Amino acid sequence: MNIPFLDNWRKRQGGTQGSGLAAAVEADPDGVAELLAECELLRVRAGQQGLELDDTPASLSALDQLPPRWREDPEELPWLGNDAGLYLGTVIVRTVAGAAWDIWPSGRPVVRLISGREIDVVAAGLDWAMSGSPELSQVYAESAES
């Protein structure tokens, strides 16, 4: 996120953009996982279409089947895509053995699999929201195979 006063504070503290979140992941991985799992906008939009997101792989398949009404609102599209990526990451972290959240130096949250492979779930979520591809369930399936 680009929050000017926070960026200025980080500069005075000698930190980089992602250092606070990266330190938080090390200090309290479960707390950060809960924060990243909120995905409020996605949960509200899915709920409006009768889908309750329960953090399971089946819910990813159900999301893939929803009509993409969010594409009608270009202002909401990137926020919804970001939430879709964080939700994808949440499902992976909660259901794939050894998967965990990690933070790139840029501050972007990614999922690291036990194999060491990193999945940029935010990019996948944005692609899904904008074009429907790759499907969230497909990204999950590829992650679960690793």
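The structure contained in this document is the topic of the report that follows. This one's a predicted model, so the numbers in the text were calculated from it and none came from an experiment. (Residues numbered from 1 in each chain as written. Predicted model: local features only at pLDDT ≥ 70, side-chain atom pairs only at ≥ 80, totals over all residues. Heavy atoms only, no water.)

The next thing to look at is the nonpolar core. Ranked by size, the top nonpolar core spans 36 residues in total, and within it L42, L63, Y87, L88, I92 and W128 carry the most contacts. Secondary-structure elements contributing two or more residues to this core are α3 (29-36), α4 (40-48), α5 (57-65), α6 (77-95), β1 (100-103), α7 (121-131) and α8 (136-145). Non-local contacts of L63, meaning those with residues more than four positions away in its chain, are made with L42, A46, L51, L53, Y87, W128 and L136. (Core = buried A, V, L, I, M, F, W, Y, C linked by side-chain atoms within 4.5 Å. Buried < 20%, exposed > 50% of the residue type's maximum accessible area, 1.4 Å probe, protein only. Helix = DSSP H or I, 4+ residues; strand = E, 2+ residues; numbered from the N terminus. Contact = heavy atoms within 4.5 Å.)

Turning next to the pattern of salt bridges. One pass over the structure, following the stated rule, counts seven salt bridges. D102 is paired through a salt bridge with R112; the nearest N and O atoms lie 2.4 Å apart. Placement of D102 in strand β1 and of R112 in strand β2 (residues 109-112) is noted, with a sequence separation of ten residues between them. Judged by relative accessible area, R112 falls into the partly exposed class, the value being 33%. Of the charged contacts in the structure, one is a salt bridge between R108 and D120, with a shortest N-O distance of 3.0 Å. Taken together, the positions of R108 in the loop between β1 and β2 and D120 in the loop between β3 (118-119) and α7 put the pair twelve residues apart, joining distant regions of the chain. Assessed through its relative accessible area of 27%, R108 is described here as partly exposed. Connected via shared salt-bridge partners are E34, R43, D55 and R94. (Salt bridge = Lys/Arg side-chain N within 4 Å of Asp/Glu carboxyl O.)

A few words now on α3. If you check which residues of α3 are buried, you get V32, A33 and L36. Considered in projection along α3, the buried side chains sweep an arc of 105° and stay on one side of the axis. Within α3, the exposed residues directed more than 90 degrees away from the buried face are D30 and L35. (Arc of directions from axis to C-beta.)

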